[in-house]
Amino acid sequence: MKNYSDSPSSTEELTIESGRSERHYWRDLWRYRELFYFLAWRDLLIRYKQTVVGVTWSLIRPFLTMIVLTVVFGRLGKMSSGGVPYPVMVFCGMLPWMFFSTALSESGNSLVNNSSLISKVYFPRIIVPASSVITSFADFLISAAFLALLMIWYHFPPSMNILFLPLFTLLGFGASLGTGIWIAALMVKYRDFRFIVPFVVQFGLYISPVGFLSTVVPDRWLLIYSLNPMVGVIDGFRWSLLGGQNAIYWPGLAISVLSTLLLLITGIKYFRRTEKMFADII
Amino acid sequence: MSDIAIGIENLSKRYLIGAQETRGDGLRHAIEAAMRNPIRWLREMKREGAKSHEEFWALKDVSFEIKQGDVIGIIGRNGAGKSTLLKIISRITEPTSGRIRIKGRVASLLEVGTGFHPELTGRENIFLNGAILGMSRAEIKNKFDEIVAFAEIEKFLDTPVKRYSSGMYVRLAFAVAAHLEPEVLIVDEVLAVGDAEFQKKCLGKMQDVSKGQGRTVLFVSHNMNAVESLCQRIVHLGNGKVIAVSSDLRGTIGAYLSSSAVSHSVEWINPGDVLLNPWFQPVRFYLGDEQGNPEKMQVRNDHPVYVWIEGEVEREDIALTVGYALYDGVGTLLYWSVQTDAPENMWPRLTPGRNVLKSQVPSRVLNEGKYRLELIIALYFREWISSPGSNAPVIELSIQGGLSDSPYWTEKRPGLLAPVCGWTLGKN
């Protein structure tokens, strides 16, 4: 007899059989929802234990990257910034990109790093990469605060489109989660991905509109270029924060949204299919 | 049927060994295989694992039932499949075939301190560990004080766990798990860590959980005393199969111990190079009759049996003690006996050269059953030469029959001992 309350009562029966774990999955996920928070909390706590500078480390990295990109692309490359102070333009693109790249690296490695948990305790495994994405999101929020300060410094008020910012954030979250889940599952069986991921992240930085604007991409490449889900996210961020000349290429955005959904859905499917074997091969 | 907590039907788990080796370059392997023969690779992707790997059945057709409130001990040699069985019940890994029906929430303690992070404090780890084991934040908050009291770490709550002694660490880990309130609690050999006091505390808590709260407990251990004192039924696994499921605890444990122990005989002869020392070099250790002829394996309880110990003495030493330790079939130590137990003027004097000591095993004191004798040689208060439980040679004795001359006492009665004591009428 099933009952829908939060924790199982003594009359609830569970059957364990090969291939049968799917039925309880979403209910279990809800029951273990607090674990999302706890694992993210643990990762954040650990990061800042015994450090003096502590939280400010999450500010230093974007700050330095911003300086490097401004010098390389802005001064030396003389890329246009559409009438916006270059550092602000760069930071607007970097904010979602840093979120995506840290989320990807952390969630990709998350299962392997937590191998002792995976082999000793039961909980829906998808919580592990998901909580890594949440940890990166915490960093994202700190950097967003920094961006706000930056915009104040340059006396550059955000456009009205800022109302749409949460939607683009959600899109970024989805892209990070989808790719992260894929890599996490693949990493368990094929440790090669440990080397592939940093390369993809490096490469991705150059093909995403972080140091440049999407307007510089020639028309014939636009559609393929938009397959990169972060294109939609970053352009969307710029549009909502900076407005003005940062128009969105709407078909490109649609493609980015679709590729994000595709990543998420296929990622979750693949993860659940291979999840049963994690404890055996990790 | 309705009070079955866990029902296991034909459970089997197969591992593919050899598959692990290619894990590292798995991707390269996979790509190479795909390039070479794309169709075969696609077909193989659907099946789990290529046929070239060897199969290992960790569990094969395991079936048994556990009623609510039972405490079940699972024993078996290393590699028998005990941990695999627990992992499947805990949903950490999936069975290859067969099924398990479980009623109620399951909490597993397969390892002490799962999820503990050394950098976090005791307080933080309690929350983390509790959440990982399935408790909600509210639940942990409620039980927090109890957990801290059980673990006895009040003063160290805010110190990072990496500074804890191993005893504190283990107490804390068990304390959190002990306060879960599952219907079914699964404990895997965690009592192997920790000192005697801790083990007593854990056993006490588990007893509390089962008798006091009516929860079902599944307990894997190599500590036969713990299994005997806690469990009502034992499952003996061997090579992935169920060898026995029974409530005859001593019998099942005895069968397990004798099946796993190296079989000994009534006689031990030094192969020539063990226990070399100048004070008493043992040559022969055996059970014999009064004249020194080796006994048969099985003797009657009223038949006088002597322990014979032959050895070479090179150097005399007043501290030399020689004798034996007697263990019953379950491994309980019954007694030690050495040649210096008598008053000093009655000690047998050992001289340089070949010495032979003999001592009668008390007749009609031990009960029917199998016994193990381990040789003791030591220098009193100075050092061990042959230490029981570690390097001592072992011989076996089996007592059957001859318990008493009474018509009312002809078969084995309960108890470790079966002395025939004298009874007379006392004064009124």
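What counts and how
Residues numbered from 1 in each chain as written. Chains lettered and ligands numbered in written order. Predicted model: local features only at pLDDT ≥ 70, side-chain atom pairs only at ≥ 80, totals over all residues. Axes fitted to C-alpha atoms, helices over the stretch in contact; angles between N-to-C directions. Helix = DSSP H or I, 4+ residues; strand = E, 2+ residues; numbered from the N terminus. Parallel < 35°, antiparallel > 145°, perpendicular 65-115°, else oblique. Contact = placed C-beta atoms within 7 Å. Nonpolar A, V, L, I, M, F, W, Y, C, P; charged D, E, K, R; others polar. Pairing = 2+ DSSP bridges.

Colleague: What exactly am I supposed to notice about the packing of helix α4 (residues 86-113) of chain A against helix α8 (residues 193-207) of chain A here?
Modeller: For any two helices packed against each other, one specifies the crossing angle of their axes together with the interaxial distance. Residues and elements named next belong to chain A. At a minimum axis distance of 10 Å, the contact between α4 and α8 shows a crossing angle of 175 degrees. Our classification of the angle between α4 and α8 gives roughly antiparallel. Here Trp97, Ser101, Leu104, Ser105 and Gly108 of α4 come into contact with α8, specifically with Phe193, Val197, Val201 and Leu205. The residue makeup of the contact of α4 with α8, split by class, is 6 nonpolar, 3 polar and no charged.

Colleague: Would you explain the sheet that holds strand β9 (residues 241-246) of chain B in this entry?
Modeller: Strands pair in a sheet through their backbones, by hydrogen bonds, and they do so in one of two ways: parallel or antiparallel. Residues and elements named next belong to chain B. Strand order in the open sheet made by the 6 strands is β5-β6-β7-β3-β8-β9, with mixed pairing throughout. At either margin of the open sheet sits one strand with a lone partner, and together these are β5 (106-109) and β9. On average, adjacent strands in this sheet sit at an angle of 15 degrees to one another, irrespective of strand direction. In terms of strand pairing, strand β8 (residues 233-238) meets β9 through 5 bridges, oriented antiparallel. Bridging from a neighbouring strand, Gly238 pairs with Lys241 of β9. Relative to strand β6 (residues 184-188), helix α3 (residues 82-89) is tilted by about 150 degrees, and along the sheet it contacts β3 (71-76), β5, β6, β7 (216-220) and β8.

Colleague: Is there a simple way to think about the sheet that holds strand β1 (residues 13-17) of chain A in this case?
Modeller: On the basis of which strands lie adjacent, the open sheet formed by 4 strands has the order β1(A)-β4(B)-β1(B)-β2(B) and antiparallel pairing. The outermost strands of the open sheet, each flanked by one partner alone, are β1 of chain A together with β2 (54-67) of chain B. When strand polarity is set aside, the average angle formed by the axes of neighbouring strands in this sheet is 20 degrees. When strand β1 (residues 4-17) of chain B meets β2 of chain B, the two strands line up antiparallel, connected through 10 bridges. Note on β2 of chain B: the bridge partner recorded for Arg14 of chain B is Trp57 of chain B.

Colleague: Got a minute to help me understand the interface of chain A and chain B in this structure?
Modeller: Interface size is commonly expressed as the accessible surface area that is lost when the partners come together. In this complex, chain A contributes 32 residues to the contact, which on the side of chain B involves 40 residues. Elements with a contribution of two residues or more to the side of chain A that touches chain B: β1, α2 (33-48), α5 (115-120) and α12 (278-281) of chain A. Here the side of chain A that touches chain B takes 6 residues from α2 of chain A, the largest share from any one element. Looking at side-chain class alone, the side of chain A that touches chain B contains 13 nonpolar, 7 polar and 12 charged residues. Relative to strand β4 (residues 97-103) of chain B, β1 of chain A runs antiparallel, the two sharing 5 bridges. Residue pairing in the sheet places Ile16 of chain A in a bridge with Ile100 of chain B of β4 of chain B.

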